[in-house]
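Residues per chain, in single letters:
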Amino acid sequence: MRKFTQNINLPIVLRVLGWLLMIEGVYMLLPLCVSAYYGEETALRAFLYSALITGGTGAVMAFCIHPKNLNMGSREGLLLTAIIWAFFSAFGMLPFLFSGVCQSVANAYFETMSGFTTTGATTLADLSAVPHGLLFWRAATQWLGGMGIILFTLAVVPMLNSTGGIALFNAEVTGITHDRMRPRVSQTAKDLWFLYIGMTVVLMLLLVKPMGFFDAICHALATISTGGFSTKTDGLHYWHSYYIDSVVMLFMFLGGVNFTLLFGMTRGRLKPLRHNDTFKWYFMIVVVASVVIILRMTYENFCDDWSDRIVYAIFDTISAITSTGFSTIDYEASGEFISLILMLCMLVGGMAGSTAGGAKVDRLIVMLKNTKNSFYKVLHPNAVMAVRIDGRSLNRTVVAKVVAFFSVYMIALVVAAIVMTAYDVPMFDALFTSMSALSNVGLGYGVTGVDGSFLLLPDAVKWVLSFEMMVGRLELFTVLVVFTPAFWLKE
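Everything numeric in this text was worked out from a predicted model, so none of it was measured.

**A word on the overall build of the chain**
(1) Moving on: Each helix and strand counted, the chain has 23 helices and 2 strands in total.
(2) Moving on: Going through the 491 residues of the chain one by one, you find that 56% of them count as buried.
(3) Moving on: Contacts in the chain between residues at least 24 apart in sequence constitute 72% of all its contacts with a sequence separation of at least 6.
(4) Moving on: When the accessible surface of the chain is summed, it comes to about 20700 Å², and 66% of that surface belongs to carbon and sulfur atoms.

**So, the pattern of salt bridges**
(1) Moving on: The final tally for this structure, using the stated rule, is 7 salt bridges.
(2) Moving on: For the salt bridge of Asp-215 with Lys-232, the shortest nitrogen-to-oxygen distance reads 3.8 Å. With Asp-215 in helix H11 (residues 213-224) and Lys-232 in the loop between H11 and helix H12 (242-255), the pair connects residues that are 17 residues apart, well separated along the chain.
(3) Moving on: Two residues, Arg-296 and Glu-300, come together in a salt bridge whose shortest N-O distance is 2.8 Å.
(4) Moving on: On the basis of relative accessible area, Arg-296 is assigned to the partly exposed category, the value being 27%.

**So, the nonpolar core**
(1) Moving on: Val-257 and Tyr-282 are the most contacted members of the largest nonpolar core, which totals 143 residues.
(2) Moving on: Not counting chain neighbours up to four residues away, the residues in contact with Tyr-282 comprise Met-252, Phe-253, Gly-256, Val-257, Ile-321, Thr-322, Gly-350, Met-351 and Val-361.

**Focus: the packing of helix H15 (residues 277-299) against helix H17 (residues 336-348)**
(1) Moving on: At a minimum axis separation of 10 Å, H15 and H17 run at an interaxial angle of 170°. Of the possible angle classes, the one that applies to H15 and H17 is roughly antiparallel. Across the interface between the two elements, Ile-285, Ala-289, Val-292, Ile-293, Arg-296 and Met-297 from H15 touch Phe-337, Ile-338, Ile-341, Leu-342, Cys-345 and Val-348 from H17.

**Quick look at the side chain of Ser-434**
(1) Moving on: Among the secondary structure elements, Ser-434 is positioned in helix H20 (residues 427-438).
(2) Moving on: A residue is classified by how much of its surface remains accessible, and Ser-434, at 0% relative accessible area, is buried.
(3) Moving on: Of the polar contacts made by the side chain of Ser-434, one reaches the backbone oxygen of Leu-413; its length is 2.8 Å.
(4) Moving on: Residues within four places of Ser-434 in sequence aside, it is in contact with Ala-412, Leu-413, Ala-416, Ala-417, Met-420 and Glu-468.

**A closer look at the packing of aromatic side chains**
(1) Moving on: With the rule as written, the count across this model stands at 24 aromatic pairs.
(2) Moving on: Taking the centre distance of 5.5 Å and the plane angle of 70° together, the rings of Phe-88 and Phe-116 count as edge-to-face. Taken together, the residues Phe-88 in helix H4 (residues 74-92) and Phe-116 in helix H6 (residues 105-116) connect sequence positions 28 residues apart. With respect to burial, Phe-88 and Phe-116 carry one shared label: buried.

**A short note on the packing of H12 against helix H16 (residues 306-321)**
(1) Moving on: Axis separation between H12 and H16 bottoms out at 9 Å; the angle between their running directions is 30°. Judged by the angle between their axes, H12 and H16 are roughly parallel. Note on packing geometry: the crossing formed by H12 with H16 is left-handed. Every residue of H16 that contacts H12 at Tyr-242, Asp-245, Val-248, Met-249, Met-252 and Phe-253 is listed here: Ser-307, Asp-308, Val-311, Tyr-312, Ile-314, Phe-315, Ile-318 and Ser-319.
(2) Moving on: Here the residues of the contact of H12 with H16 are counted per class, giving 10 nonpolar, 2 polar and 2 charged.

**Let's talk about a nonpolar patch on the surface**
(1) Moving on: On the surface, Phe-283, Met-284, Val-287, Val-288, Val-291 and Leu-295 cluster together into a nonpolar patch covering about 520 Å² of accessible area.
(2) Moving on: Of note, Val-288 is situated in helix H15.
(3) Moving on: Overall, the relative accessible area of 47% leaves Val-288 in the partly exposed class.

**Brief notes about unusual backbone geometry**
(1) Moving on: Located in the positive-phi region is Thr-226, a residue other than glycine, with phi close to 50°.
(2) Moving on: With respect to the helices and strands, the residue Thr-226 is situated in the loop between H11 and H12.
(3) Moving on: In this structure Thr-226 comes out as buried when scored by relative accessible area, which is 0%.
(4) Moving on: In this structure, Glu-475 is a non-glycine residue whose phi angle is positive, near 55°.
(5) Moving on: Locating Glu-475 in the fold gives a position in the loop between helix H21 (459-473) and helix H22 (477-480).

**Digging into helix H19 (residues 396-422)**
(1) Moving on: Taking 1.5 Å as the rise per residue, H19 with 27 residues should run 39 Å; its terminal C-alpha atoms sit 39 Å apart, in good agreement.
(2) Moving on: Listed in full, the buried residues belonging to H19 are Val-399, Val-402, Phe-405, Phe-406, Tyr-409, Leu-413, Ala-416, Ala-417 and Met-420.
(3) Moving on: Phi for Asp-424, located one or two positions after H19, is positive at around 70°.

**A few points about the environment of Arg-15**
(1) Moving on: Tracing the backbone through its elements, the reader meets Arg-15 in helix H1 (residues 10-27).
(2) Moving on: The spatial distance from the C-alpha of Arg-15 to the C-alpha of His-66 is 7.7 Å, given a sequence separation of 51 residues.
(3) Moving on: Residues in contact with Arg-15, not counting those within four places in the same chain, are Met-61, Ala-62, Ile-65, Pro-67 and Leu-70.

**Comments concerning the side chain of Lys-462**
(1) Moving on: Locating Lys-462 in the fold gives a position in helix H21.
(2) Moving on: We classify Lys-462 as buried; its relative accessible area is 3%.
(3) Moving on: Within the structure, the side chain of Lys-462 is placed 3.2 Å from the backbone oxygen of Leu-455, a separation counted as a polar contact.
(4) Moving on: If sequence neighbours within four positions are ignored, Lys-462 has contacts with Asn-107, Phe-110, Phe-454, Leu-455 and Leu-457.

**Observations concerning H15**
(1) Moving on: Over its 23 residues, H15 extends 33 Å from the first C-alpha to the last, a length consistent with the 33 Å expected when each residue adds 1.5 Å.
(2) Moving on: Of the residues flanking the start of H15, the one acting as N-cap is Asn-276, its side-chain oxygen 3.0 Å from the backbone nitrogen of Thr-278.
(3) Moving on: Asn-301 sits one or two positions beyond H15 and adopts a positive phi of about 55°.

**What to know about the confidence of the model for the chain**
(1) Moving on: Within the chain, residue pLDDT values average 84, and 89% of them lie at 70 or more.
(2) Moving on: A low-confidence stretch, residues 159-172 (pLDDT under 50), is modelled with 49 contacts involving residues beyond four sequence positions or located in other chains.

The rules behind the values
Residues numbered from 1 in each chain as written. Predicted model: local features only at pLDDT ≥ 70, side-chain atom pairs only at ≥ 80, totals over all residues. Heavy atoms only, no water. Helix = DSSP H or I, 4+ residues; strand = E, 2+ residues; numbered from the N terminus. Buried < 20%, exposed > 50% of the residue type's maximum accessible area, 1.4 Å probe, protein only. Contact = heavy atoms within 4.5 Å. Areas by Shrake-Rupley, 256 points an atom, 1.4 Å probe, with all protein chains shown as cover. Salt bridge = Lys/Arg side-chain N within 4 Å of Asp/Glu carboxyl O. Core = buried A, V, L, I, M, F, W, Y, C linked by side-chain atoms within 4.5 Å. Axes fitted to C-alpha atoms, helices over the stretch in contact; angles between N-to-C directions. Parallel < 35°, antiparallel > 145°, perpendicular 65-115°, else oblique. Polar contact = N/O pair within 3.5 Å; in protein donor to acceptor, adjacent residues only side chain to side chain. Phe/Tyr/Trp six-rings, centres within 6.5 Å; stacked < 30°, edge-to-face > 60°. Left-handed = near helix turned anticlockwise from the far one by under 90°. Nonpolar A, V, L, I, M, F, W, Y, C, P; charged D, E, K, R; others polar. Patch = residues over 30% accessible without salt bridge, like charges linked within 9 Å, V, L, I, M, F, W, Y side chains within 5 Å. Expected span 1.5 Å × (residues − 1). pLDDT = per-residue confidence, 0-100.

What follows is the structure, given as structure tokens:
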């Protein structure tokens, strides 16, 4: 008879969690400085108290817990990765509560989880009333969550490379494949973060003239992470600028590309990008969806100016497929067709190894090719068919995982939507909002859309969506496996 296991090394998990919380406490000093610069005393005190509580709790865990075994296996990596997002959000919501910006724990936790998971859904109705320090904190949470909390730690705490770095890397950098660029995980993390920082700086410099420094840095942080938090209630529409829309559009698109490919481009290696099947699919989906939306806008005579139709259609398509969530038009006013197209883009998502959410283009290709093979085998039962990506055959285990992923993805999507309809949210609104949370997009529709807000949702629904955002960010299995008996039972 199997018994519950005690061989999971909980002390090392809690100790590493303490280190991570200490890092979050230090990270809170950045918005504290912003609040000090703008003379926002309430926000400054909120960040000071939050940093002390977060850093102090982390210090107690890091220095008072003494594990006998410093090694971390796959289970410890999965457990730590699953709980760190919940803990970071729990402590990260403190500034919202202490400053009075959020009036309830549900709203504050939802806002923070939306930030760290780069979802971009918000419960804040009027951003003009939010202090600069909190606006910066929202963008900073997205930027840290975009590349990954664990990946950041592997870059700055090299000792983890020898105490479970591989397990942590595999648990957070999910997808079909994520080839490491260097033998050492810490070096890979550093390379990715240098690229990430470089892209952020370039985007900020491109936006600083039309936006101003503060808005430029916040939107750069939210764009590279494909997060979507803005400093303005009207979002990018506040500036009415083709230049801003075009620059943000380009970097959103890059945010949806596998960062290993982008890193190779910085080293002059363009051939892997040109011959990458997933990138070709990703690009073509953006083109086809944009054309369909432009044609629909023309048919409905939606937007009088052709330039507006082209720019807004491409922008919203890229925003949806990369899970950024920036929006330039009231797409609800054009009817449900365009919303459905955007919803499908949200489902597809960007490439594995990017900051984008969604199911990922890689998995869509595998599903379609596997389905094609299944139809062929109906006519030719003895045929041996393989799913090939970039000229390489995938083994059956990988294909089976992809099929399982889509099955669980749809179940999670529907379950969350059912919960929302139980609280009288219209069915299409519930499905769209559930898809938005699970794909980490942040766009709303109907109750949560232009004429509504995520603030209007009952607290119970906000907690469900917060969990759904975390599950979607870690691509289902990393979180859900912790809730299975097999994870805790002896083998």
